[in-house]
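Descriptive analysis of the structure
So you can see what is in the structure, the chains are spelled out below.
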Amino acid sequence: MLMSPQKSFLDFLNKFIPLSQDEFNQLILPCIVKRKFEKKSIITQTGEVEEYINFIDSGLVRKYYKKENEEINTQISYEGHIIHAQESFHSRTPSEYTIETIEPSELTSITYECLERIYSTSEKMQRLGRLVITSTMVLKDKWQSQLVKLTPRERFLNFVSNHPELMQRVPQKYLASYLNIKPETFSRFKHMVKEYSRKIFFHHN
Amino acid sequence: MNNAFTDIDPVYFEYAQKYIGRFMPITSEELFDLLQYCEIRRFDKRVVIVHEGEVDNYLNLVVKGLVRKYLSVGKNEVILQLATEGHVVQSEISYLTKTPSMVVLETLEPTILVSLTHNKMEEALDKLPKGERLGRLILTGMFIKKDENRYNRLLKTTRQRFFEYIEHHPHMLQRVPQKYLASYLQIKPETFSRLKALYAKGRK
């Protein structure tokens, strides 16, 4: 059975604070905008003020900035995750980032204005907002520390074991840029893992 | 350690009000109520406040002194923050998720902090009117600041990073050992010396 997009967003919020279907229907649902994008569509352009916070119902979305014509990917997210240009969204200043779909994607989005309206309804909504922002900041900080602390090889192996499915879904050049690994090194690591799994496979059979 | 806030040093009060005022207006009474949840902590210079692997239980506002936050990478240290009066410093991930800290916090000068434990923070958010709103806004503000710093590191040239930082924080050249500033700005020590000479020349 297909899960309704509303349900998966409610499940996501429930991880932070228990929310009844009624509360969700009354406070949050009226603010939800459903948005659909083809693959390789730009959701938020550099220089534009981010209007939305987006929850990914389906698809795959990346965030990047440009440095001397090179695209540096800082986030790659799929179903069940939040993606938007958060600094721009919160500070109401032009975004340094572009947000673009990799696969056809469906988003559950809420505008800045509407989110403020949700916050103003109750302390509970303020709390929910704080907890979502906290978890996003923690994730981001952890990723930053990994980029500084781990070697490229460690980053690669961590990523492969935690997100094996993304190896199939995401173009290699995006992954290499996200993990801050040179494309040639990335290919070498990938080959190494393949060889290793083949050896294990033969060993077990 | 002094827990009594019955007569709060006006300087602490001022820093706290200024800091919070960045996020939302707060009256002196509201601030006073909030400070009841805090404690004052004093440290000598060169004291490690949070070790790597330790759970950080405090959110700290620096009211006097200087604290550095760094990550050890092999034998090297990468400085992530240099916090002076009016800045908030802590091991965020550790504090928020109650997991061992990846970063180290160390004072560089004798330092006084107004600190809030995790439990007291939860209590304050719960009990103070506007508590949740304030918590959310401070967190959002921290997030924005962090993002801005990341852009600066990623998008700006070495030279831009140096000059913008020195223009905004001229006193830091005196207060912080050069190697720390170089690490914080991600500039090679020799390049840093060269830029500093250039800066001194420009000012004459």
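Please refer to the structure higher up on the page.
Residues numbered from 1 in each chain as written. Chains lettered and ligands numbered in written order. Predicted model: local features only at pLDDT ≥ 70, side-chain atom pairs only at ≥ 80, totals over all residues.

1. Brief notes about the interface of chain A and chain B
Frequently, the measure chosen for interface size is the accessible area that the parts lose on association. Listed as interface residues are 21 residues of chain A and, on the opposing side, 21 residues of chain B. Contributing elements (two or more residues each) for the side of chain A that touches chain B: β4 (60-67), α3 (86-91) and α5 (123-149) of chain A. Here the element with the most residues in the side of chain A that touches chain B is α5(A); it accounts for 14 residues. (Contact = placed C-beta atoms within 7 Å. Helix = DSSP H or I, 4+ residues; strand = E, 2+ residues; numbered from the N terminus.)

2. What to know about the sheet that holds strand β3 (residues 52-58) of chain A
Residue and element names in this part refer to chain A. Sheet architecture is open: four strands sit in the order β1-β8-β3-β6, paired in antiparallel fashion. The sheet is open, and its two edges are formed by β1 (33-37) and β6 (82-83), each paired on a single side. Direction of pairing for β3 relative to β6: antiparallel, over a ladder of two bridges. Note that in β6 the partner of N54 across the bridge is I83. Sheet contacts for helix α4 (residues 112-121): β3 and β8 (105-111); angle to β8, the most-contacted strand, approximately 60 degrees. (Pairing = 2+ DSSP bridges. Axes fitted to C-alpha atoms, helices over the stretch in contact; angles between N-to-C directions.)

3. What about the packing of helix α4 (residues 118-127) of chain B against helix α5 (residues 131-155) of chain B?
Residue and element names in this part refer to chain B. Axis separation between α4 and α5 bottoms out at 6 Å; the angle between their running directions is 125 degrees. Regarding the angle of α4 to α5, the classification is oblique. Seen from α4, the contacting residues are A124, L125, D126 and K127; seen from α5, they are G131, E132 and G135. (Parallel < 35°, antiparallel > 145°, perpendicular 65-115°, else oblique.)

4. Considerations on unusual backbone geometry
For A:N69, which is not glycine, the phi torsion reads 70 degrees and is therefore positive. Here A:N69 lies in the loop between β4 and β5 (70-78). Under the C-beta neighbour-count criterion, A:N69 is labelled exposed, with 5 such atoms within 10 Å. In this model, B:Q186 sits at a positive phi of 55 degrees, which is unusual for a non-glycine residue. (Buried ≥ 20, exposed ≤ 12 C-beta atoms within 10 Å, placed from the backbone.)

By themselves, these figures tell us nothing about what the structure is for.
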